[in-house]
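Structure at a glance
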Amino acid sequence: MSGSTNNPPLASVDSKAAEPELSSPPTITDQEIGEFREQDRVLPIANIARIMKNSVPMTSKISKEAKEAVQECISEFISFITSEAAEKCHDEKRKTIGGEDVLYAMMLLGLEQYVEPLKIHLAKMRAPSAANGIDAEPQEDEQGDTSMS
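All figures in this text were calculated on a predicted structure; none of them were measured in a lab.

Cut-offs and rules
- Residues numbered from 1 in each chain as written.
- Predicted model: local features only at pLDDT ≥ 70, side-chain atom pairs only at ≥ 80, totals over all residues.
- Heavy atoms only, no water.
- Helix = DSSP H or I, 4+ residues; strand = E, 2+ residues; numbered from the N terminus.
- Contact = heavy atoms within 4.5 Å.
- Areas by Shrake-Rupley, 256 points an atom, 1.4 Å probe, with all protein chains shown as cover.
- Phe/Tyr/Trp six-rings, centres within 6.5 Å; stacked < 30°, edge-to-face > 60°.
- Lys NZ or Arg CZ within 6 Å of the ring centre and 35° of its normal.
- Axes fitted to C-alpha atoms, helices over the stretch in contact; angles between N-to-C directions.
- Parallel < 35°, antiparallel > 145°, perpendicular 65-115°, else oblique.
- pLDDT = per-residue confidence, 0-100.
- Core = buried A, V, L, I, M, F, W, Y, C linked by side-chain atoms within 4.5 Å.
- Buried < 20%, exposed > 50% of the residue type's maximum accessible area, 1.4 Å probe, protein only.
- Salt bridge = Lys/Arg side-chain N within 4 Å of Asp/Glu carboxyl O.

1. Overview of the overall build of the protein chain
Secondary structure summary: the protein chain contains five helices and four strands in total. Ordered by position from N to C terminus, the α and β elements of the protein chain give β-β-α-α-α-α-α-β-β. A sequence separation of at least 24 residues applies to 27% of the contacts in the protein chain between residues at least 6 apart. A total of about 12,700 Å² of accessible surface is found on the protein chain, and carbon and sulfur atoms cover 57% of it.

2. Side note on the packing of aromatic side chains
Applying the stated criterion across every chain yields a total of zero aromatic pairs. If you follow Lys88 out to its NZ or CZ, it ends over the ring of Tyr104, 5.2 Å from the centre.

3. Here's the deal with the packing of helix 2 (residues 45-54) against helix 3 (residues 64-91)
With their axes 10 Å apart at the nearest point, helix 2 and helix 3 run at an angle of 105° to one another. Accordingly, the angle class assigned to the pair helix 2 and helix 3 is roughly perpendicular. Residues Ile45, Ile48, Ala49, Met52 and Lys53 of helix 2 form the contact with helix 3, whose own contacting residues are Ala66, Lys67, Glu68, Val70, Gln71 and Ile74.

4. Details of the confidence of the model for the protein chain
Within the protein chain, residue pLDDT values average 77, and 62% of them lie at 70 or more. Segment residues 143-149: pLDDT under 50, and 16 contacts once partners within four positions in sequence are set aside and those in other chains are kept.

5. Some details on the side chain of Gln71
You can see Gln71 is positioned in helix 3. If we skip the residues at most four places from it in the chain, Gln71 touches Val42, Leu43, Pro44, Ile45 and Ile48.

6. Some details on the nonpolar core
Listed in full, the eight residues of the largest apolar core are Ile81, Ala85, Leu103, Ala105, Met106, Leu111, Val115 and Leu122. Other than its neighbours up to four places away in sequence, Leu103 contacts Val115, Leu118, Lys119 and Leu122.

7. Let's talk about the pattern of salt bridges
Close approach of charged atoms allows side chains with opposite charge to pair. In the structure shown here, the tally under the stated rule is six salt bridges. Glu92 is the partner of Lys88 in a salt bridge, and the nearest nitrogen-oxygen pair spans 3.1 Å. Across the pair Glu100 and Arg126 runs a salt bridge, and its minimum N-O distance is 2.5 Å. Residue Glu100 is located in helix 4 (residues 99-108), and its partner Arg126 is located in helix 5 (residues 112-132); the two are separated by 26 residues in the primary sequence.

So this is what it looks like as C-alpha cells:
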C-alpha cells in the first residue's frame, strides 16, 4: 500500500502565505432550497395526523395523501388569515398582530362561524393574566397538582 491517496486536498497552501487557503463550500441545489423552504412553510405532518386521527372513529384510517392535502390546506389557511390581519396592522401603523386582528380577518374572509368560539378561547387565555396583572404561572397545590393561576 502506498503512502499517497487520490483524494483531493481540503485546503491548498499558498507558498507565500502562512495560512492555508480553504476551498469553497459545496453549492446548494435549487431542489435543496425548495425542500428547506417547504419545511418552513408547512406544519409537521405528524401533528396534523394526530389531530386528524382524533377527529375520526378509531377504526378509520387516513392515507398519506389525505394528510398531505390537509397539511397544504392548513398552511394556506394560516397564510391567508395572517396576511389579512397583517394588512390591518399595517393600515393602523402597528407591527404586532394580535388576537383581535385575527378575529377581524376571519370575519372579513367570511369565517364568522369560527369567530365567537375563538373570542371565548381568547378571553379564557387572557383571564389569568388580566386578574393578576401578569402572565399565568403554574402553581402546585397541597396535593402536588399543578394548576394555572
